[in-house]
Amino acid sequence: MKAVTAKSWSQMASPSSEVREKMASEFMDAQVALAAPRRLMAQLRNIAESKAPTAAKLDDIVALVAAELRADVCSCFVQRAGDLLELFSAVGLNPELIHKNRIHIGDGVIGDVAAQAVSLALPDVRAYAGFVECPELGGAELKSFCGVPILRGGAVRGVLVIQNRLCRNYGEEVIDILQTVAMVLAELITFGGLMTVQEISVRLPSGGGLTHNAGISLGRGLAIGHAVLYEPRLVMQEIVAGDSKAQTFRLRQAVAGMHEAIDRMLHHNITPTGTETRDILEAYQMFARDRGWLARIEATIAKGLSAEAAVQRILNETRARMVQINDGYIRERLQDLEDLSNRLLSHLMKQHQTATHEALPDDIILVARSLGPAALLDYDRNRLKGVVLEKGSHSNHVAIVARALGIPVIGQCGDVLNHVVSNDQMIVDGDHGVVYLRPSQYDIDLYSRSLEARARRTNMFRRMQHHQSVTRDGVKVSVQMNAGLLTEVSAVQNVGAEGIGLFRTELSFMGWKKYPQVVTQAELYSKVLDQMGGKPVVFRTLDIGGDKPLPYFKAPHEENPALGWRAVRIGMDRPAVLRTQFRAFIRGSKGRDIKIMLPLVTEVAEYDRARQLLEMEKARARKNNIPVPEKIELGVMLEVPALIWQLDTLLQTVDFISVGTNDLMQYLYAADRGNNAVRGRYDPLPPAMLRVLKSIADQCRAAGVPVSVCGEMAGHPLEAMVLIVLGYETLSLSAQSVEAVKMMVPTLDTRQLLPYLEQLMKSREHSLRERLLSFAHDHQVNLAQNI
């Protein structure tokens, strides 16, 4: 045995201050880990169930936390109007500071916890970049800090803080306990009278006179109705629970009930065909059965929380992680999670998420900050007239379902949500992206007449929808439809489209759980051709990457994915991806002629390489006695400006060109169409854009190569009018836009507009829209959508 010298004994008996602090910190955390969780939960439940006033309960909880977590200071701040945090209760601080000390959200460490809605654990708060010394709150004497946001309904209601004079590494156990306590405090603050109604609900009017708000159109159309606020008000009666097994049983029963209700809702509310809606809702259905989500809830119940509190806790944690991620796919999943969590809570609490049908108006304008796509099916389809959302850039799935229901959707309407109250009259103009709140009688009469005119046009279109579109001067225009799923194909006949000018194959890939085999892909393409019955179909090869990731296809993280490794670039680097899809096209065609289009081609060399891969697959098919179509056309989606300067070379070998105006315009103007700050800065009808489009059409016509447009531009009657005059006689657009464009074509005389347009393209104006609208009005061109 090693002898203990006087020196070594002295070192052991009198450790340095740093060692003493570390030993004390480890001892405190060990005590917390051994004793605190269960004991604290039991006492917390007793306080929450007591008949004491709310303020007394708050003081008791703060004292309990300080004692159980060995904190020198424990304080609770509550959010007040004006982005302030007010000290409501504290142990270890001067009692005179209560209700007097206030901190601006974003100021100092406590302010950062509220601003970012994330927990912070700091062994030495002085080293924190945002540290601001506040002597009345302990200043530099309190070295360690641990704070968690008090969250309710996705909003920060306050901050719970513990501090120690010694440097202390707060473990996960401590943070976990504080987050559980914060859930109890959230209920006290929200429903115990500590906050005013105005502070709880930012939707109430702030005395302003907002009458209209320009947002972003996510779904066209027009609606007049009364506001219904989508705001699930679910009040938890119990946060902590002693019997974890009973709570787990309750959870599983509620989950089963929720699954049954979702299945019933999706089967009984069959949405219109011809959209991605069914696949989106089925993906939502699969998400509801995610075992990982349910396992995390059960693990949280095991820590002593009630089933309801566990669901809310997992939602809070996930939201805090995901809300910082600027990714559309992730944001859509967060909306799904919030909707599912609210559904599960309603089953646990035996409450209904929406008001009874009798309490709702007959003309519902649904107003929401956050909304899952399936939530729309909770409302009577005949009574739901429109949707207004706070955000727009991450609400694509909601917009798709709403469009399938035939209702307008406006995003980026935060100002409206800050002023609207239930049953306010509203007008939603999805064509122009405008919402009118409490409109005048004049506006109501004006838009009512527009609704009547639209109804008359729809009846007229139904009588002529299957007629070919021909201009007054005899130009035949082929109005085709964009699609991406098998469920959409039947809409071609329903809306009177003459074919599918763009079939997005990646949408089906996004719905498959793993990379599909050739036979699976071939079966899809064969069914599409079968249903089309000889009408033209243009299949676009995989346009993955960017904003369309595949869960089973790993792609590198990119700062700017729209300009990164995506579309045909993946096919060039991984030829097997492109070859297997070519192989599937050939098998699926069963000898029928087929058209294939390559996205994001940047140079002629990429097209030539793809052509070589196609020829290799044709040879392979012949060798295996698989029927090869007599005619396989390989075209290019022109969306990268660089290809315009090689267009003359490309036209020597390419079979057809389709202009993708969405990406072409954003690349031409260096303006990210996903960036709300610049997405509306440049109009689709400026002289420069029209000159580019005319140059492309002229070169294709001279080379005898068919050219079309398949971007959003083709779906607006005014823009479609211009495209036809520029030489684009095939337009591919969304199913919802076919009617308006087909109604416009017979009223247009291209000979009248062409010389005027050529003059306009020489101008220095920002946009030619107003001048073209005036021309259409003067020459009786039917711009149905723009009335």
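The shown structure was predicted, so the numbers you read here are calculated from the model rather than taken from an experiment. Residue positions are given per chain, counted from 1 along the sequence in the order it is written. Note on the predicted model: pLDDT of at least 70 is required for a residue's local features to be given, and 80 or more for side-chain atom pairs to be given and counted; whole-chain, interface and lining totals, by contrast, use all residues. The basis for the side-chain values is all heavy atoms of the structure; hydrogens and waters are excluded.

**Student:** How should I be thinking about the packing of aromatic side chains in this particular structure?
**Tutor:** Any two aromatic rings considered together are summarised by their centre-to-centre distance and by the angle between their planes. Put simply, two rings from Phe, Tyr or Trp (the six-membered ring, in Trp's case) pair if the centres are within 6.5 Å, and we call them stacked under 30 degrees between planes, edge-to-face over 60, tilted for the rest. Under the counting rule described, the total for this entry stands at 8 aromatic pairs. For the ring pair phenylalanine 509 and tyrosine 515, a centre distance of 5.6 Å and an interplane angle of 70° mean the geometry is edge-to-face. On the basis of relative accessible area, phenylalanine 509 is assigned to the buried category, the value being 1%. When the ring of tyrosine 756 is compared with that of phenylalanine 775, the centres are 5.8 Å apart and the planes differ by 15°; the resulting orientation is stacked. Note that tyrosine 756 is positioned in helix H27 (residues 750–760) and phenylalanine 775 in helix H28 (residues 769–778), a separation of 19 residues in sequence. A 1.4 Å probe rolled over the protein chains alone gives each residue an accessible area, and that area as a share of the maximum for its type sets the label: buried under 20%, exposed over 50%, partly exposed in between. Classification of tyrosine 756 by relative accessible area gives partly exposed; the value is 31%. Among the residues examined, phenylalanine 775 registers a relative accessible area of 7% and is labelled buried. Starting at the N terminus, helices and strands are each numbered in turn, a helix being any DSSP run of H or I of at least four residues and a strand any DSSP run of E of at least two.

**Student:** Where do I start with the environment of leucine 142 in this structure?
**Tutor:** As for its placement among the helices and strands, leucine 142 is situated in the loop between strand S4 (120–122) and strand S5 (144–152). Judged by its relative accessible area of 3%, leucine 142 falls in the buried class. Expressed as a C-alpha distance, the spacing of leucine 142 and asparagine 164, which sit 22 residues apart in the sequence, is 5.4 Å. Should any heavy atoms of two residues lie within 4.5 Å, those residues are counted as being in contact. In this view, leucine 142 contacts Asp72, Val73, Val125, Leu137, Gln163, Asn164 and Arg165; residues no more than four positions away in its chain are not counted.

**Student:** I keep staring at unusual backbone geometry and nothing clicks. Help me out?
**Tutor:** Peptide bonds are, in most cases, trans, and in most cases residues other than glycine have a negative phi. At histidine 99, a position not held by glycine, the phi torsion is positive, near 70°. By the element assignment, histidine 99 lies in the loop between strand S2 (84–91) and strand S3 (102–104). A positive phi is found at arginine 438, a non-glycine position, where the angle reads about 50°. Assignment of secondary structure puts arginine 438 in the loop between strand S14 (434–437) and helix H14 (441–464).

**Student:** I keep staring at the packing of helix H18 (residues 518–532) against helix H20 (residues 575–589) and nothing clicks. Help me out?
**Tutor:** A pair of packed helices is captured by two measures, namely the crossing angle of their axes and the spacing between those axes. Where H18 meets H20, the closest approach of the two axes is 7 Å, and the angle between their N-to-C directions is 45°. With respect to their mutual orientation, H18 and H20 come out oblique. In terms of crossing hand, the pair formed by H18 and H20 is right-handed. When H18 is examined against H20, the residues Val518, Gln521, Ala522, Tyr525, Ser526 and Leu529 are found in contact with a partner set consisting of Thr580, Gln581, Arg583, Ala584, Phe585, Arg587, Gly588 and Ser589. Looking at the contact of H18 with H20 residue by residue, the classes come out as 6 nonpolar, 6 polar and 2 charged. All axes are obtained by fitting lines to C-alpha atoms, using only the stretch in contact for helices, and the reported angles, taken between N-to-C directions, cover 0 to 180 degrees. The labels follow the angle: roughly parallel below 35 degrees, roughly antiparallel above 145, roughly perpendicular from 65 to 115, and oblique for the rest. Handedness of a helix crossing follows the sense of rotation of the near helix relative to the far helix, less than a right angle counterclockwise being left-handed and clockwise being right-handed. Gly is placed with the polar residues, together with every amino acid not listed as nonpolar (Ala, Val, Leu, Ile, Met, Phe, Trp, Tyr, Cys and Pro) or charged (Asp, Glu, Lys and Arg).

**Student:** Any chance you could explain empty space enclosed by the protein here in plain terms?
**Tutor:** Empty space among the atoms can be located by rolling a probe the size of a water molecule over them. Of the two site types, the cavity is a set of points on a 1 Å grid over the protein atoms alone where a 1.4 Å probe fits but cannot get out, and the pocket is an open set with protein on both sides within 12 Å along at least five of seven lines, each lined by residues with an atom within 4 Å of a point. Grid points are joined across faces, edges and corners, and a volume is the space filled by probe spheres set on the points. Throughout the structure, instances matching the rule amount to 2 cavities of 30 Å³ or more. Reported here for the largest cavity is a volume of approximately 50 Å³. What lines the largest cavity is simply Thr541, Leu542, Ile544, Ala567, Val568, Ile570, Gly571, Val577, Leu578 and Gln581. Those elements giving two or more residues to the lining of the largest cavity turn out to be helix H19 (568–573) and H20. Across the lining of the largest cavity, the residue classes break down as 7 nonpolar, 3 polar and no charged.

**Student:** How do you make sense of the packing of helix H25 (residues 717–726) against H27 when you look at a structure like this?
**Tutor:** Between H25 and H27, whose axes approach to 9 Å, the crossing angle comes to 85°. In terms of axis orientation, H25 runs roughly perpendicular to H27. Counting all contacts with H25, which are made through Met721, Val722, Ile724, Val725 and Leu726, the residues of H27 involved are Thr750, Leu753, Leu754 and Leu757.

**Student:** Would you mind going over helix H24 (residues 687–703) with me for this structure?
**Tutor:** An α-helical segment advances 3.6 residues per turn. Residues three or four places apart therefore align on the same side. The length a helix should cover is 1.5 Å for every residue beyond the first. Taking 1.5 Å as the rise per residue, H24 with 17 residues should run 24 Å; its terminal C-alpha atoms sit 24 Å apart, in good agreement. Among the residues making up H24, those that are buried are Pro687, Met689, Leu690, Val692, Leu693, Ile696, Ala697 and Cys700.

**Student:** Got a minute to help me understand the sheet that holds strand S1 (residues 73–80) in this structure?
**Tutor:** Sheet strands pair via backbone hydrogen bonds, and the direction of the pair is either parallel or antiparallel. The rule for pairing is simple: two strands pair if DSSP sees at least two bridges between them. The 6 strands are arranged S3-S2-S1-S6-S5-S4 in an open sheet whose pairing can be described as antiparallel. Of all the strands in the sheet, the pair left with one neighbour each is S3 and S4. Ignoring strand direction, the axes of neighbouring strands in this sheet form an average angle of 25°. Sheet topology places S1 next to S2; 7 bridges connect them, and they run antiparallel. Its bridge partner being in S2, cysteine 74 is matched across the sheet by valine 91. The strands touched by helix H3 (residues 54–68) are S1, S2 and strand S6 (155–164); relative to S2, the strand with the most contacts, the crossing angle is about 65°.

**Student:** Looking at this structure, how should I read the pattern of salt bridges?
**Tutor:** Any two side chains of opposite charge can pair, so long as their charged atoms come close to each other. Only one rule defines a salt bridge in this text: a Lys or Arg side-chain nitrogen within 4 Å of an Asp or Glu carboxyl oxygen. Under the definition given, this model contains 27 salt bridges. A salt bridge links glutamate 308 to arginine 250; the shortest N-O distance between them is 2.7 Å. With glutamate 308 in helix H10 (residues 307–322) and arginine 250 in helix H7 (residues 244–268), this residue pair connects regions lying 58 residues apart in the sequence. With a relative accessible area of 8%, glutamate 308 lands in the buried category. Beyond isolated ion pairs, a larger network of salt bridges with shared partners links Glu506, Arg540, Asp543, Arg566 and Asp663.

**Student:** Any chance you could explain the pairing of S5 here in plain terms?
**Tutor:** Regular strands place side chains that alternate from one sheet face to the opposite one. Within S5, 9 of the 9 residues are buried, which leaves the element mostly enclosed by the surrounding structure. Inspection of the sheet shows S5 paired to S6 by 9 bridges, in the antiparallel sense. Within S6, the residue paired with proline 149 across the bridge is valine 159.

**Student:** Explain the pairing of S14 here, please?
**Tutor:** Taking every second residue as pointing to the same face, both faces of S14 are buried, with Val434 and Tyr436 on one and Val435 and Leu437 on the other. In this sheet, S14 lies alongside strand S13 (residues 425–429) in antiparallel orientation, the contact comprising 4 bridges. In the strand pairing of S14, methionine 426 is matched with leucine 437. Here S13 folds back onto S14, and the loop between the two strands holds 4 residues, one of which, glycine 433, carries a positive phi near 65°.

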